[in-house]
Amino acid sequence: MREYIRVRPNGPLKGEVTISGAKNSGLKLLAATLLTKEEVTISNLPPLKDVNVMLDVLQYLGSKVERIDDTTVKIKNDNITDYITPIELMNKMRASFVVTGPLLSRFGKSITYMPGGCSIGSRPVDLHLKGFESLGAKVHIGIDAIDVDGSGGLKGAPIYLDFPSVGATENIMMAAVLAEGTTTIDNAAQEPEITDLANFLNKLGAKIRGAGTKTIEVVGVKELTGGSHTVMPDRIEAATYMVAAAMTKGDVLVKDVVAAHLIPIIAKLRENGAEVEINEDEDQIRVIGADKPKAMNIKTLPYPGLPTDVQSQFMTLLTISEGDSVVKETVFENRFMHVAELQKMRALIVTDGNEARIKGVDKLVGTDVRATDLRAGASCILAGLVAEGETRVHDTYHIYRGYYDFEKKFKDLGADLEIIKVEE
Ligand code: UD1
């Protein structure tokens, strides 16, 4: 059985959409449970494919996982029997690599393989490994296995990251939690997911200060307790529906969001001509798309800049915005795979290295396109919402990695979107 997503234009999106828990935080919180032998409960976990892969990784290592409901799990790691994450699971998801920090911190050992995941440019893990070495671990890289040995004991150290990598900040922060002494991570990533992780670990007894700023300090503790945590809302999912509202000239109330996490998205939507109303008390944002969306320039940056994970959605909006726009991707190389798909839909885009120039067109035209990665898949759906005729988005599995219940959420807003199963 093969499937594709059929999208047909159906006018402006209207209504309400409730945002799920953040995939990129939930994954790290799950990995972090390896730091304690006590029971931990995590709620508001989005029931996504990537989350299931992380739960598979944990169970492989010996975790006892009890699913309380769709979005809540209880985990007890009092009998971890393995420190090797198998290659099949690493290939399914790059973020599996974040088990390295907690395994190293608690057991002094981790073997993983070169991470897989979305093909969005070369995604090395050198900064993670340099951090582990600074804490005293020995790193051995085989043909594809990465063996990190901290059996001699980890010692807190000053660490400077050449780039504020999200994954490296999280992995090193977790490795430092049970190390002896104090670790400082300078030029740390400041993404809200890192703050969420630090808040969770502090509830369990960790001593982390400064998460969400450029300098994080971790004072090592002997052990962590149990506890519970609710995953923060997914700012990228929220941004995707906000851009969808703008694309379709719709009027959408996005619920369960933290507006403070969405500042660049709100600013750029306003620059595009949309009306954005923020209701911080209710955790809601209303987006009313402009009648004539305007061209603008965007540049992706580490937080608090515009996230690379919304670059493709914004580029899609710009394909139908009046005038010439420039999109600059500075976080990943090769994150323009959606361009070829948008071009198939008659978007006018020319790329030069990490820069794309876009000339707004009056209309896009539906055709067969591929979700080449998770966010590229989202951009194909967004384009399909306004393209003339029918858009068929293939390779849908990428989209399931990051958008919980997207078919229902889009349909509830009035989109004509169906998942079509085809017998082969
Ligand atoms: C995380 C997010 C991803 C998001 C990205 C940037 C998860 C599961 N994924 O990915 O959705 O797009 O942050 O906001 O949370 N780099 C190195 N060496 C390293 C690590 C990273 O050179 O050791 C480079 C990468 O190649 C990339 C840049 O740093 O060019 C950013 O990567 P990073 O912030 O680490 O992203 P991820 O944690 O992989």
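One can find the structure itself at the top, above this paragraph.
From a predicted model like this one, the values you see are computed outputs, not experimental measurements. (Residues numbered from 1 in each chain as written. Predicted model: local features only at pLDDT ≥ 70, side-chain atom pairs only at ≥ 80, totals over all residues. Heavy atoms only, no water.)

Visitor: So what about the pattern of salt bridges? Which residues, and what values?
Guide: Pairs may arise between side chains of opposite charge once their charged atoms sit close together. According to the stated counting rule, one finds 30 salt bridges in the structure shown. With a closest N to O distance of 2.6 Å, D78 and K64 form a salt bridge. Of the two residues, D78 is situated in the loop between β5 (72-76) and α3 (87-92) and K64 in strand β4 (residues 64-69); the sequence distance between them amounts to 14 residues. Given a relative accessible area of 36%, D78 falls into the partly exposed group. On the basis of relative accessible area, K64 is assigned to the partly exposed category, the value being 44%. The closest approach of N and O atoms between K109 and D147, which form a salt bridge, is 3.2 Å. Of this pair, K109 sits in strand β6 (residues 109-113) while D147 is found in strand β8 (residues 145-149), placing the two residues 38 residues apart along the sequence. Judged by relative accessible area, which is 27%, K109 ranks as partly exposed. By sharing partners, the salt bridges in this structure join R8, D368, E390, R392 and D416 into a single network. (Salt bridge = Lys/Arg side-chain N within 4 Å of Asp/Glu carboxyl O. Helix = DSSP H or I, 4+ residues; strand = E, 2+ residues; numbered from the N terminus. Buried < 20%, exposed > 50% of the residue type's maximum accessible area, 1.4 Å probe, protein only.)

Visitor: Now, about the site of the ligand: what can you tell me, with residues and values included?
Guide: Around the ligand lies a shell of 20 residues, among which D126, L127, S165, D309 and V331 are the nearest. Between the ligand and the protein, one listed contact pairs an oxygen atom with a side-chain N or O atom of S165 at 2.6 Å. The backbone of G167 places a nitrogen or oxygen atom 2.8 Å from an oxygen atom of the ligand. Compared with its free state, where it exposes 740 Å², the ligand has 86% of that area covered by protein. Put simply, the parts of the chain that give the shell around the ligand at least two residues each are α1 (23-32), α5 (126-134) and α6 (166-177). A total of 3 residues in the shell around the ligand trace back to one element, the largest contributor, which is α5. (Near = heavy atom within 4 Å. Polar contact = N/O pair within 3.5 Å; in protein donor to acceptor, adjacent residues only side chain to side chain. Areas by Shrake-Rupley, 256 points an atom, 1.4 Å probe, with all protein chains shown as cover.)

Just geometry here; none of it tells us what the structure is for.
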